[in-house]
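Read off the chains here:
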Amino acid sequence: MDTGDGRPTDAALGERRHLIDLAYRMLGSPAEAEDAVQEAYARWYALSAARRQAVEAPGAWLTTVVSRICLDVLGSARVRRERYVGEWLPEPLPDRTEWPGGSGGGSADPADRITLDESVGMAFLVVLESMTPAERVVFVLHDVFRYPFPEIAAIVDRTPAACRQLASSGRRRVGAARTPDPGQAHQAGVVRRFRQAWESKDIEALVGLLDPAATMVADGGGLVGAVLRPVEGGVRIAQYLVLLAERAPGLTLLERSVNGRPGLVAQRDGVTATVAALDLVDGRISRIWAVRNPEKLGRWGAPADTP
């Protein structure tokens, strides 16, 4: 099929998955990523046929537009998040088999599924949140997607030297926060023991699985109950979790993939109430990110429990 400008329809549409991947890492929200990509396509198809025909690389054109849209969104998001109730966390992603349009059901375009690799781990996304908008966009383009600095400079309207400095600054932030990868199997085992200890309200076992300097951050967005500040220390986290279990009977804890890593999902009556991503240091849980804001849990259904 032809678009009327001499190019097949998939010349631009074939870039969609790449653009969604790019925008999610820049924005930390699938909905905002999809909006940014949709806006870029709207601008592409608003061009005359002659102007589209003159674009030698539609993918590069769309990448430039998406990146600039993300820069604008990040700038306004910083203001919005200053008014956000409590801590703001990126929206968690389920395993692709449970993503709408996957084997779990739904009808979303499979191209919208985000590639789940280490660059969408919750720890990585949280570090990206600490960057300035320009720093984040440049770092994602260069260090994650390997765009050369001259191309990035044209996208963000800065010099290649300035882009190198921004990427270097972002790299230092990531390096300072990075922890050794414990491996999927090891993390899954720790998560399972953590779930069992939580279910049995075993404070001693929970403390043994938590790093003494562990931190837990919860994101309720002011829509549901959640601690407004991080809970610090393994003992305090264990006590808080046991108190939560006592005050919220009927919760079902499920072991699920969260942003490509073993995590936990809490459900009540089949409805997801919390999605928790975890990070390990030396075999113990060092960080917990608990997303409770229901507006960020729309992609989490009620899959069958693990045997």
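Residues numbered from 1 in each chain as written. Predicted model: local features only at pLDDT ≥ 70, side-chain atom pairs only at ≥ 80, totals over all residues. Heavy atoms only, no water.

Draft legend 1. Structural context of helix H8 (residues 149-156). If you check which residues of H8 are buried, you get Phe149, Ile152, Ala153, Ile155 and Val156. The buried residues of H8 occupy one face: seen down the axis, they fall within an arc of 160 degrees. For H8, the exposed residues lying more than 90 degrees away from the buried face are Pro150 and Ala154. Residues of H8 that are buried in the fold lie against helix H5 (58-82), helix H7 (133-144) and helix H9 (160-177). (Buried < 20%, exposed > 50% of the residue type's maximum accessible area, 1.4 Å probe, protein only. Helix = DSSP H or I, 4+ residues; strand = E, 2+ residues; numbered from the N terminus. Arc of directions from axis to C-beta. Contact = heavy atoms within 4.5 Å.)

Draft legend 2. Quick peek at the pattern of salt bridges. All told, the structure shown has 13 salt bridges when counted by the stated rule. Here the residues in one salt-bridge network are Arg192, Arg195, Glu199 and Glu255, joined through shared partners. (Salt bridge = Lys/Arg side-chain N within 4 Å of Asp/Glu carboxyl O.)

Draft legend 3. Broad picture of the sheet that holds strand S4 (residues 261-268). If you trace the six strands from one edge of the open sheet to the other, you get S2-S1-S6-S5-S4-S3, paired in mixed fashion. A single partner strand is all that each edge strand has here, and the edge strands are strand S2 (231-232) and strand S3 (252-258). Where strand S1 (residues 210-219) meets strand S6 (residues 284-291), six bridges bridge the pair, whose relative direction is parallel. For Leu210, the partnering residue across the bridge sits in S6 and is Ile285. The strands touched by helix H10 (residues 184-199) are S1, S3, S4, strand S5 (271-281) and S6; relative to S4, the strand with the most contacts, the crossing angle is about 25 degrees. (Pairing = 2+ DSSP bridges. Axes fitted to C-alpha atoms, helices over the stretch in contact; angles between N-to-C directions.)

Draft legend 4. Quick peek at the nonpolar core. Of all hydrophobic cores here, the largest spans 48 residues; its most connected members are Met26, Val66, Val138, Leu141 and Ile152. The set of elements that each furnish at least two residues to this core consists of helix H2 (16-27), helix H3 (30-46), H5, helix H6 (122-129), H7, H8 and H9. By residue number, the principal contributor to this core is H2, which donates seven residues. Once residues within four sequence positions are removed from consideration, Met26 is found in contact with Ser67, Cys70, Leu74, Arg136, Val137, Val140 and Leu141. (Core = buried A, V, L, I, M, F, W, Y, C linked by side-chain atoms within 4.5 Å.)

Draft legend 5. View of the pairing of S3. Among the seven residues in S3, five count as buried, and that is most of the element. Sheet analysis places S3 next to S4, joined by seven bridges and oriented antiparallel. Paired with Leu254 across the bridge in S4 is Val265. Once S3 ends, the chain turns through two residues before running back antiparallel as S4, passing Asn259 with a positive phi of about 50 degrees.

Draft legend 6. Inspection of the packing of aromatic side chains at higher detail. By the definition in use, this model includes four aromatic pairs. The ring of Trp88 carries Lys296 above its face, with NZ or CZ at 4.0 Å from the centroid. (Phe/Tyr/Trp six-rings, centres within 6.5 Å; stacked < 30°, edge-to-face > 60°. Lys NZ or Arg CZ within 6 Å of the ring centre and 35° of its normal.)

Draft legend 7. Focus on unusual backbone geometry. With a phi angle near 55 degrees, Lys201 is a residue other than glycine that sits in the positive phi range. With respect to the element layout, Lys201 can be found in the loop between H10 and helix H11 (203-209). Phi is positive for Asp269, which is not a glycine, with a value near 55 degrees. Judged by its relative accessible area of 74%, Asp269 falls in the exposed class.

Draft legend 8. Here's a closer look at the environment of Val275. Looking at where Val275 falls in the secondary structure, it is placed in strand S5. Considering only alpha carbons, one finds Val275 and Pro94, 181 residues apart in sequence, at a separation of 9.3 Å. Residues within four places of Val275 in sequence aside, it is in contact with Pro92, Val258, Leu264, Val265, Trp289, Ala290, Val291, Leu297 and Trp300.

Draft legend 9. A look at the packing of H2 against H5. Where H2 meets H5, the axes come as close as 9 Å, and the angle between the chain directions of the two elements is 25 degrees. By the criterion of interaxial angle, the relationship of H2 to H5 is roughly parallel. H5 is crossed by H2, and the crossing has right-handed handedness. In contact with His18, Leu19, Leu22, Ala23, Met26 and Leu27 of H2, H5 contributes Leu62, Thr63, Val66, Ser67, Cys70, Val73, Leu74 and Arg81. Residue composition of the contact of H2 with H5, by class: ten nonpolar, three polar and one charged. (Parallel < 35°, antiparallel > 145°, perpendicular 65-115°, else oblique. Left-handed = near helix turned anticlockwise from the far one by under 90°. Nonpolar A, V, L, I, M, F, W, Y, C, P; charged D, E, K, R; others polar.)

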